[in-house]
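What the coordinates show
Listed here are the chains, written in short residue letters.
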Amino acid sequence: QRTQQNEAAPMMQPEAVPFSPVVPSAAITGNISGNISTHAPSSVRTPDSTQNPSNVAETTLDEPVIETVKRDFQMVLTKMKKVVIPSADTKDELRNWDLWGPLFLCLILAILLSIDESDHTSTQEAQSRPAVVFSSLLLIVWCGAIVVTVNAKLLGGNVSFFQNICLLGYCVAPMIAATAVCMVVRISLPDMYYSCGPGPHTLCEGGVCMDAANITINVGDKCTGWTDQDTCLGDGRCNSVHSNAVNIILRLLITGGGMYWSLRSSLGFLSEVVEEKRRALAAYPVCLFFAAIAWMVLLRTSSA
C-alpha cells in the first residue's frame with residue numbers, strides 16, 4: 001500500500017535558489033564522460049620549425065658552396081661601399097669585421113703593380129721583379145696596418161684590433177682604382193719617349209747632322225728605345241730620352257686623389273674612436289701608411 005502511495009504521489013521539484021539564473025535544460029545535456037584532452041586549443045599554435053624557419057638557428061653547413069660564395073661576395077661589396085663612402089652606419093657595419101675583403105683587395109693591388117714589371121724580361125733580375133713587387137707590397141700593407149692598429153690601441157682607441165685591420169684593408173680600394181687609372185694613362189700617354197740622336201761618328205753643323213759616310217741623320221725623330229736600330233738613319237742612335245710632363249702631372253693628381261679618398265675614409269672612422277686631443281697622433285701613421293702605398297703606385301706605373 002505504501003508503495004502504491006509513493007508511486008501515486010507527484011514528484012517534488014527542487015526549489016530554486018533565490019536570485020539564481022535559470023539554466024535551460026538543454027545546456028546541461030550531452031556526453032561529459034569523455035577523456036579530457038591535454039592538447040592546446042586549435043587557435044593556439046605551438047612553434048613549428050617547419051612552418052617558421054626563423055625559430056631555428058641559421059646554419060650554412062648544408063647550403064651549396066656557390067651560395068656561400070655569393071653571400072660572402074655581397075657582404076664584401078656592401079662593407080667596401082660603407083667604408084669607401086662613409087655614412088652614419090659605417091661604424092655599426094664594421095663591428096662585424098672580416099679579413100677576406102682586405103686580403104682580396106690587397107691581392108688585387110699587388111697583382112696590378114706586379115704586372116707593370118712583367119714585360120722587362122731581358123735579365124734574370126728583371127724576371128724576378130714581379131715576385132719582389134708582389135711580396136713587398138703585401139708586406140708593407142699588412143705590417144703597416146698592424147703598426148697603425150697598435151698605435152691606435154695604445155692611444156686608447158675604442159676599437160678592436162681586427163676591426164681596425166678590416167677598416168684599413170677596405171680603405172685600400174681607392175688606391176686600387178687610382179692604380180688602374182694610372183696604368184691606363186701610361187698606356188695611352190707614355191711618361192717618356194725616345195728619339196734619334198747623333199752617333200759616335202756624327203758631325204753636326206748648321207742644324208744638319210751627318211755621319212762619316214755623308215748620310216744625313218734624322219735627329220729628333222721618335223723611336224722605340226735603345227734596341228731600335230732601324231728607325232735612325234746612318235750613324236744615328238735611339239739614345240735621346242724625353243719626359244712627358246702631362247703624364248707625370250696626371251699620375252700625380254690621380255694618385256693624390258686616391259690617397260686623399262683613403263685618408264678621408266680611414267680618418268673619419270678613427271676620429272670617432274680616439275680622443276680629440278690624441279687624434280693627431282693617431283692620424284700621423286695612417287698618413288705615412290697611405291703615402292707609402294701611393295709612392296709605390298707612382299713608381300710602378302712609370303716607365304723608368
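First, a word on what this report is: a plain description of the structure on this page.

**A few points about the packing of helix α2 (residues 65-84) against helix α7 (residues 161-170)**
Two elements in contact, α2 and α7, have axes separated by 9 Å at closest approach and are oriented at 80 degrees. Viewed along their axes, α2 and α7 adopt a mutual orientation that is roughly perpendicular. Residue-level inspection shows Val 76, Lys 79, Met 80, Val 83 and Val 84 of α2 in contact with α7, the latter providing Cys 166, Leu 167 and Tyr 170. Residue composition of the contact of α2 with α7, by class: seven nonpolar, no polar and one charged.

**Digging into the nonpolar core**
Ranked by size, the top nonpolar core spans 38 residues in total, and within it Leu 109, Leu 137, Phe 290 and Ile 293 carry the most contacts. Top contributing element to this core by residue count: helix α10 (residues 279-300), with eight residues. Core analysis: the next-biggest nonpolar cluster, separate from the first, contains five residues, Tyr 194, Cys 223, Cys 232 and Cys 238 among them.

**Some remarks on the sheet that holds strand β5 (residues 237-243)**
Read across the open sheet, the three strands follow the order β4-β1-β5; overall the sheet is antiparallel. Only two strands of the sheet have a single neighbouring strand rather than two, namely β4 (222-223) and β5. With five bridges connecting them, strand β1 (residues 192-197) and β5 associate as antiparallel partners. When the sheet's bridge partners are listed, Gly 197 is paired in β5 with Arg 237.

Rules and cut-offs
Residues numbered from 1 in each chain as written. Predicted model: local features only at pLDDT ≥ 70, side-chain atom pairs only at ≥ 80, totals over all residues. Heavy atoms only, no water. Axes fitted to C-alpha atoms, helices over the stretch in contact; angles between N-to-C directions. Helix = DSSP H or I, 4+ residues; strand = E, 2+ residues; numbered from the N terminus. Parallel < 35°, antiparallel > 145°, perpendicular 65-115°, else oblique. Contact = heavy atoms within 4.5 Å. Nonpolar A, V, L, I, M, F, W, Y, C, P; charged D, E, K, R; others polar. Core = buried A, V, L, I, M, F, W, Y, C linked by side-chain atoms within 4.5 Å. Buried < 20%, exposed > 50% of the residue type's maximum accessible area, 1.4 Å probe, protein only. Pairing = 2+ DSSP bridges.

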